[in-house]
Amino acid sequence: MERKEWPLWEIFVRSKNGLDHKHCGSVHATDARMALQVARDVYTRRQEGVSIWAVRAEDIVASDPDAKPELFDPAEDKIYRHPTFYKLPDEVDHM
Amino acid sequence: MGAPAMTQTTPAHLEYVLRLGDAALIHGQRLSEWCGHAPVLEEDLALANMALDFVGQARMLLSHAGVLEGKGRDEDTLAFLRHEGQYRNPTLCEMPNTDFAHTMIKGFLLGSFNLLMWSRLCGSSDEALAAIAAKSLKEARYHVEHTGDWVIRLGDGTEESHRRAQAALDMLWPYTNELFAANPTDDAAAAAGVGPAWSDLAEDWEKAVLAVLKHATLTVPARTPFQSYGKFGRHSEHLGHLLAVMQHLPRSFPGATW
Amino acid sequence: MYTQALDIPPGEQPKRTPDAVENAAYQAEFDARIDAGATIEAKDWMPEAYRKTLVRQISQHAHSEIVGMLPEGNWISRAPSLKRKAILLAKVQDEGGHGLYLYAAAETLGVSRDDLTEALLSGKAKYSSIFNYPTLNWADVGVIGWLVDGAAIMNQIPLCKCSYGPYARAMVRVCKEESFHQRQGYDALLAMMGGTDEQRELVQDAVNRWWWPSLMMFGPHDADSPNSGQSMRWGIKRISNDDLRQKFVDATVKQAEVLGVTLPDPELKWNEARGHYDFAAIDWDEFWNVVNGHGQCNVDRLAARVKAWEDGAWVREAAVAHADKQAAREKAAA
């Protein structure tokens, strides 16, 4: 049989309820059930998680690193979006 | 484990717990042999996790057996310093790994049995045993899922994997007779509410197992008169070799602690 | 760990087809980022030599974890108590996990795990030569935890800050898990040293055999380590071989004392002026012999990996075949 590598899956783990799923690594698996099982065996051996997402790596769409300037730089000067931009009197500054 | 009812441990009760403990011990030992040698890295970790579950169960069960016995034997004394004929695991547990199909078929057949066993033992009159069962039940669910999925992949995979899975099933199936063989120990344990007579689990076990084997396109072998007797202390030739390896250090250095 | 598959949407071509002019500009940008201590991510432009060096280093590291399962795995079936059996099994499994994290990090650089595996099995790729020494008694397991993992941690902690993001993140995870390996190895040795004379002899025997190979793990002297300079410049390596080795010796002497074993080096003594321990010259002939395939276990280790891979081929094929069948059935049903 011709060589066929097992597909790659990206694994995201929620460490506890109330927190987001966070990318923690990848596994190779031939189907979704296997991906979840081995993700459990690889990435939650020390009770690191309560929920796992497995996503076929080839299904992920990522932004182009070359597009960093047009995608992300324009937010740089919008400092009025941040709470620290507004100076309030000390008595009410906890607002 | 809480203090057990020391009032009267019947020999059947002790025997019943020893069977469970030895089954976990020997199956765990076999699974651990895969560590570093599995077909794919992900599965290497999965097999080690299952082995760890069984070693953990063996520790709890043998400790409990030691307490029930009341002669001061702890988990390690029981695990390492008995003679072959004193082990009470079903013969199926000690069968060699041979290939990945044997390990998965065996793990699935035993796992399906354990799943039924632990769910019944959650209501054991022996509270310590019930607590062990509650923990082990969760582990067994995962074992059945993982090994069952593999049985299906191998059975319904390539021509070679089907052939190997069928060969493993043909080889191991006769040893499942032993699991359900009626005997006085089971009757006494069941009567005392310690746990089910194993023969009571036969019907549910067969139903669960056959469904997966069918999905895997495997042919269930016909029942034959073959009988094995591991849980009564008469084992296959394989156990002696397994014990020779496993017991090597405690036997070579009597009295040493590690 | 991002992968080479994390790509821009299909249909768009990458803009950076590096012609010479662009390369120079990108190179300058890359150098500036490295100098500023910034992290390089998988899809960022990087010089080909940087990428190659990383693939070589990360995959060697991954191979070392996988081959490293074998010497200690040799004792799982013979562990002397159920507690020690569970601890050892979990530890060897961890090493497999570390190999997996690292292969995934290497895969972000556009190589496949199967290709890396084949490089290992064909003998083209190297792995840490420490694993070509045999484990001959139970104390070897403890000594490997204490000395070999101890040396590995010293090598690895600086890598948590290396310039390549996926590698650095994998190393953070590895180091977190690795730190308990050294403690558990030491713990196993303490138990033996508190036991019988025979047990203490086993520990001393193991220390005698593992001490020098552990020191060799830090690699050749800085003067004989041609690639070190470039790796330092790129932030793939942070501290020199000799500095790390000295740090390891300084830390270990006290641990040996507490344990009650003798490190097999009569020249080992505190040098007040240097503020460090002096130690005897390392036998580099032995080091290179083992690196070049003439250690006691080189053949066995590779053979074990080849066997596992070849015996597993039908299993890997079956899983693919089943997934294909399932997909076809789902398609037919839709």
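Anything mentioned here points back to the structure above.
Just so we're clear, the structure is a prediction, and the values are computed from it rather than from any experiment.

Analysis parameters
- By convention here, each chain's residues receive numbers from 1 onward along its written sequence.
- Labels follow written order: the first chain is A, the first ligand is 1, and so on.
- Confidence filtering applies because this is a predicted model: local features only for residues at pLDDT of at least 70, side-chain atom pairs given and counted only at 80 or more, and all residues used for totals across whole chains, interfaces and linings.
- Working from all heavy atoms in the structure, the side-chain values ignore hydrogens and water.
- Secondary structure elements are defined from DSSP: runs of H or I of at least 4 residues count as helices, runs of E of at least 2 residues count as strands, and each element is numbered from the N terminus.
- For the exposure calls, accessible area comes from a 1.4 Å probe over protein chains only, and a residue counts as buried if that area is under 20% of its type's maximum, exposed if over 50%, partly exposed in between.
- Between two residues, a contact is recorded if the distance between any of their heavy atoms is within 4.5 Å.
- Two strands qualify as a pair provided DSSP detects at least 2 bridges between them.
- Note on geometry: axes are C-alpha line fits, over the in-contact stretch for helices, and angles between N-to-C directions span 0 to 180 degrees.
- Throughout, buried area stands for the accessible area (probe radius 1.4 Å) lost by two parts on being put together, summed over both.
- Salt bridges are identified by distance alone: a Lys or Arg side-chain nitrogen within 4 Å of an Asp or Glu carboxyl oxygen.
- Counting of polar contacts relies on pairs of N or O atoms within 3.5 Å, with two restrictions inside protein: one atom must be capable of donating a hydrogen and the other of accepting it, and residues adjacent in sequence are counted only when both atoms are side-chain atoms.
- Centres within 6.5 Å make a pair out of two Phe, Tyr or Trp rings, where for Trp the six-membered ring is used; the pair is then stacked when the planes are under 30 degrees apart, edge-to-face when over 60, and tilted otherwise.
- The term nonpolar core refers to a set of buried residues drawn from Ala, Val, Leu, Ile, Met, Phe, Trp, Tyr and Cys, joined through side-chain atoms within 4.5 Å.
- Any angle between 65 and 115 degrees counts as roughly perpendicular, while under 35 counts as roughly parallel, over 145 as roughly antiparallel, and the rest as oblique.
- For any pair of crossing helices, the crossing counts as left-handed if the nearer helix is rotated counterclockwise from the farther one by less than a right angle, and right-handed if it is rotated clockwise.
- Here the nonpolar group is Ala, Val, Leu, Ile, Met, Phe, Trp, Tyr, Cys and Pro; Asp, Glu, Lys and Arg are the charged ones; every other residue, Gly included, is treated as polar.
- Expected span of a helix: the number of residues minus one, times 1.5 Å.
- At any given residue, the bend is defined as the angle formed between two axes, one fitted to the seven residues that end at that position and one fitted to the seven that begin there.

(A) Spotlight on the overall build of chain A. Assigned secondary structure in chain A consists of 2 helices and 3 strands. Counting from the amino terminus, chain A carries its helices and strands in the arrangement β-β-α-β-α. Along the first, second and third principal axes, the C-alpha atoms of chain A reach 70 × 35 × 15 Å. Counting only residues that meet the buried cut, chain A has 33% of its 95 residues in that class. Across chain A, contacts joining residues at least 24 apart in sequence account for 44% of those joining residues at least 6 apart.

(B) Focus on the sheet that holds strand S2 (residues 21–28) of chain A. Residue and element names in this part refer to chain A. What the 3 strands build is an open sheet, ordered S2-S1-S3; its pairing is antiparallel. At either end of the open sheet lies a strand with only one pairing partner, and these are S2 and strand S3 (51–56). Averaged over all pairs of adjacent strands, the angle between their axes in this sheet comes to 30 degrees, without regard to strand direction. Note that strand S1 (residues 8–14) and S3 share 6 bridges and pair antiparallel. In the sheet register, Phe12 faces S3, and the bridge partner there is Trp53. Contacts from helix H1 (residues 32–43) reach S1, S2 and S3, with the element oriented near 110 degrees to S2.

(C) Main features of the interface of chain C and chain B. On the chain B side, the residues contacting the 46 residues of chain C number 46 residues. Where chain C abuts chain B, roughly 3900 Å² becomes buried across the two surfaces, and 70% of that area is made up of carbon and sulfur atoms. Inspection of the region where chain C meets chain B yields 3 salt bridges. Among the ionic pairs, Asp156 of chain B bridges to Arg329 of chain C, the shortest N-O distance being 2.6 Å. Linking chain C with chain B are 14 residue pairs in polar contact (both at pLDDT 80 or more), by the criterion used here. Among the secondary structure elements, those contributing two or more residues to the side of chain C that touches chain B are helix H3 (69–73), helix H4 (82–107), helix H7 (165–193), helix H8 (197–216), helix H12 (298–311) and helix H13 (313–333) of chain C.

(D) Fine view of the packing of aromatic side chains. On inspection of all chains with the given rule, the structure shows 24 aromatic pairs over all chains. Measuring from centroid to centroid gives 5.0 Å for Tyr175 of chain B and Phe226 of chain B, while their planes differ by 70 degrees, and the two rings are edge-to-face. Placement of Tyr175 of chain B in the loop between helix H7 (159–172) and helix H8 (176–179) and of Phe226 of chain B in the loop between helix H10 (202–215) and helix H11 (237–246) is noted, with a sequence separation of 51 residues between them. Overall, the relative accessible area of 33% leaves Phe226 of chain B in the partly exposed class. Measuring from centroid to centroid gives 5.8 Å for Trp146 of chain C and Tyr186 of chain C, while their planes differ by 65 degrees, and the two rings are edge-to-face. Taken together, the residues Trp146 of chain C in helix H6 (residues 138–156) and Tyr186 of chain C in helix H7 connect sequence positions 40 residues apart. Exposure remark for Tyr186 of chain C: the relative accessible area of 16% places this residue in the buried category.

(E) Summary view of the nonpolar core. Counting 196 residues, the largest nonpolar core has Leu154 of chain B together with Tyr50, Trp146 and Tyr164 of chain C as its most contacted members. Looking at this core element by element, the count peaks at 15 residues for helix H2 (residues 41–69) of chain B. Excluding its chain neighbours within four sequence positions, the residues that come into contact with Tyr164 of chain C are Thr39, Ile40, Glu41, Ala42, Met46, Tyr50, Leu54, Ile58, Ala105, Thr108 and Leu109 of chain C.

(F) Local environment of the pattern of salt bridges. As enumerated under the stated definition, the model contains 38 salt bridges over all chains in all. A salt bridge links Arg274 of chain C to Asp278 of chain C; its shortest N-O distance comes to 2.9 Å. It is possible to trace a salt-bridge network through shared partners that takes in Arg45 and Arg46 of chain A together with Asp94 and Glu177 of chain C.

(G) Just the packing of H1 of chain A against H2 of chain B, in detail. Contact geometry of H1 of chain A with H2 of chain B gives a least axis separation of 9 Å together with a crossing angle of 70 degrees. Of the possible angle classes, the one that applies to H1 of chain A and H2 of chain B is roughly perpendicular. Crossing geometry of H1 of chain A relative to H2 of chain B is assigned as left-handed. Of the residues in H2 of chain B, those in contact with Val38, Arg40, Asp41 and Val42 of chain A of H1 of chain A are Glu42, Leu45, Ala46 and Asn49 of chain B. Taken together, the residues of the contact of H1 of chain A with H2 of chain B sort by class into 4 nonpolar, 1 polar and 3 charged.

(H) Spotlight on H8 of chain C. Residues and elements named next belong to chain C. Here H8 contains 20 residues, and its C-alpha end-to-end distance of 30 Å stays within 8% of the 28 Å for a straight helix at 1.5 Å per residue. At Trp210, H8 shows its maximal bend, which comes to roughly 35 degrees, and the proline Pro213 appears one to four places after that position. For H8, the complete set of buried residues consists of Gln199, Leu202, Val203, Ala206, Val207, Trp210, Trp211, Trp212, Pro213, Ser214, Leu215 and Met216.

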